[in-house]
Structures are given as C-alpha cells and as structure tokens.
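Summary of the model geometry
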Amino acid sequence: MEKHTVALLTECEAGLKMAISSMEQTLPRISDVGFKLMFQDYYLKHCKLQEECERLLKELENQENQYEKNPSKVAQLMSGLKNAKCDDIAEVADFYTDGCNRGMKSVGKYLNRYMQASEESIALARKIIKIEQHFMEDLRAYL
C-alpha cells in the first residue's frame, strides 16, 4: 500500500507544481479584475492542495524530499511557451481549460493505476479532480 500511496502522491504533487508554476507566470499579466480574482482563488486552492500533498509525503518518507517528483522539463517548457502566447482573457481561459482537462485525465489515470493507495491519498487525488472541474466550469464564462 505504501508504494502505491507514494506513487500517487508524487504524481499529484508534480501536476500541482506544474499548475502552480504556470499560474504564477500568468497572474501578473491578468488585468481584468473579475477574472483575476477568480484565477487567484484557484491558484490558492492549488497551493493548499500541494501543501497537503507535501504533508502526506513527509509523513511517509524517512528523509526530506526522498519522494519528490518534479514535472518534466519538456512539459514545463511547452507549457511556458503556450502560456506566453496567451494575450487576452479568452486565450488564457482556453489554455487553462485544456490544462484542467489534462490534469483531470492524469490524476484519474493515476487513481486507476494506484488503487491500493491510502484512503487519504485517494481523497486528495479526488479533491484535485474536483478543483480542476470547478476551475474549468468557471473558465467557460471567459472563453
């Protein structure tokens, strides 16, 4: 069970890091007040989920960062390039709608792969999917 739990949490953490990094690049460029407030709310929600993920991993590990996984450099580069091309709210909303969809698919895949993970880690993964669904729904108004 611990092996599945660690695997699920490390994949979730990598995805959250990717989302947070991308959102940090986007936030300063958003000028629409309503969109920015909504976006900041989801940024903070992602940060809280990452903190929860880190806490669960720390409970499992023997030494700090033993289980840390970062998003691939290619994925980060591609995301950064696409993000930089988003000039208006509709393009940003479209970019993050696609990101939410990829996030939900990835986490769903890992939930299916690591079914023997702890209940707490499975609950966290489901929270991530739910946040991505809500974010995607809120982004629709700006497409």
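Refer to the structure above for everything that follows.
The text that follows walks through the structure, step by step, so that each part is easy to find. Not measured: the values here are computed from a predicted model. (Residues numbered from 1 in each chain as written. Predicted model: local features only at pLDDT ≥ 70, side-chain atom pairs only at ≥ 80, totals over all residues. Heavy atoms only, no water.)

Some thoughts on the overall build of the protein chain
The helix and strand inventory of the protein chain stands at five helices and zero strands. Element order for the protein chain, N to C, with α for helix and β for strand: α-α-α-α-α. Evaluated residue by residue, the protein chain yields a buried proportion of 45% over its 143 residues. Of all intrachain contacts in the protein chain linking residues separated by at least 6 positions in sequence, the fraction that spans at least 24 positions is 80%. If you sum the accessible surface of the protein chain, you get close to 8300 Å²; carbon and sulfur atoms cover 52% of it. (Helix = DSSP H or I, 4+ residues; strand = E, 2+ residues; numbered from the N terminus. Buried < 20%, exposed > 50% of the residue type's maximum accessible area, 1.4 Å probe, protein only. Contact = heavy atoms within 4.5 Å. Areas by Shrake-Rupley, 256 points an atom, 1.4 Å probe, with all protein chains shown as cover.)

Considering the packing of aromatic side chains
Going through the model one piece at a time under the given rule, you end up with eight aromatic pairs. Where Y42 meets F135, the ring centres are 4.5 Å apart and the plane angle is 20 degrees; that geometry is what we call stacked. You can see Y42 sitting in helix α2 (residues 33-60) and its partner F135 sitting in helix α5 (residues 119-139), a full 93 residues away along the chain. Across this residue pair, the class does not change: Y42 and F135 are buried. With 4.9 Å between their ring centres and 85 degrees between their planes, F95 and Y96 make a pair best called edge-to-face. (Phe/Tyr/Trp six-rings, centres within 6.5 Å; stacked < 30°, edge-to-face > 60°.)

Here's the deal with the nonpolar core
In this structure, L8, F35, F39, Y96, F135 and L139 are the most contacted members of the largest nonpolar core, which totals 39 residues. Secondary structure elements with two or more residues in this core: α1 (2-26), α2, α4 (89-113) and α5. Contacts of L8, omitting those with residues within four sequence positions, involve Y110, L111, Y114, A117, S121, I122 and A125. (Core = buried A, V, L, I, M, F, W, Y, C linked by side-chain atoms within 4.5 Å.)

Describing α5
Given a rise of 1.5 Å per residue, 21 residues ought to cover 30 Å, and the 30 Å separating the end C-alpha atoms of α5 matches this to within 8%. Restricting attention to buried positions, one finds in α5 the residues S121, I122, L124, A125, I128, I129, I131, E132, F135, M136 and L139. In the core, the buried residues of α5 are packed alongside α1, α2 and α4. (Expected span 1.5 Å × (residues − 1).)

Concerning the side chain of S121
Mapped onto the secondary structure, S121 falls in helix α5. Taking the relative accessible area as the measure of exposure, S121 reaches 1% and is therefore buried. Apart from residues lying up to four places away in sequence, S121 is in contact with T5, L8, L9 and L56.

Points about a negative patch on the surface
Together, D87, D88, E91, D94 and D98 make up a negatively charged patch on the protein surface. For D94, the location among the structural elements is in helix α4. D94 gets classed as partly exposed once you look at its relative accessible area, which sits at 41%. (Patch = residues over 30% accessible without salt bridge, like charges linked within 9 Å, V, L, I, M, F, W, Y side chains within 5 Å. Salt bridge = Lys/Arg side-chain N within 4 Å of Asp/Glu carboxyl O. Lys, Arg positive; Asp, Glu negative; His and termini not counted. Charge placed at Lys NZ, Arg CZ, Asp CG, Glu CD.)

Some points on the packing of α1 against α4
A pair of packed helices is characterised by two quantities: the angle between their axes and the separation of those axes. It is the contact of α1 with α4, at a shortest axis distance of 10 Å, that shows an interaxial angle of 175 degrees. By the angle class used here, α1 and α4 are roughly antiparallel. Residues H4, L8, E11, C12, S22, M23 and T26 of α1 form the contact with α4, whose own contacting residues are V92, F95, Y96, V107, Y110, L111 and R113. Class assignment for the residues of the contact of α1 with α4 results in nine nonpolar, three polar and two charged. (Axes fitted to C-alpha atoms, helices over the stretch in contact; angles between N-to-C directions. Parallel < 35°, antiparallel > 145°, perpendicular 65-115°, else oblique. Nonpolar A, V, L, I, M, F, W, Y, C, P; charged D, E, K, R; others polar.)

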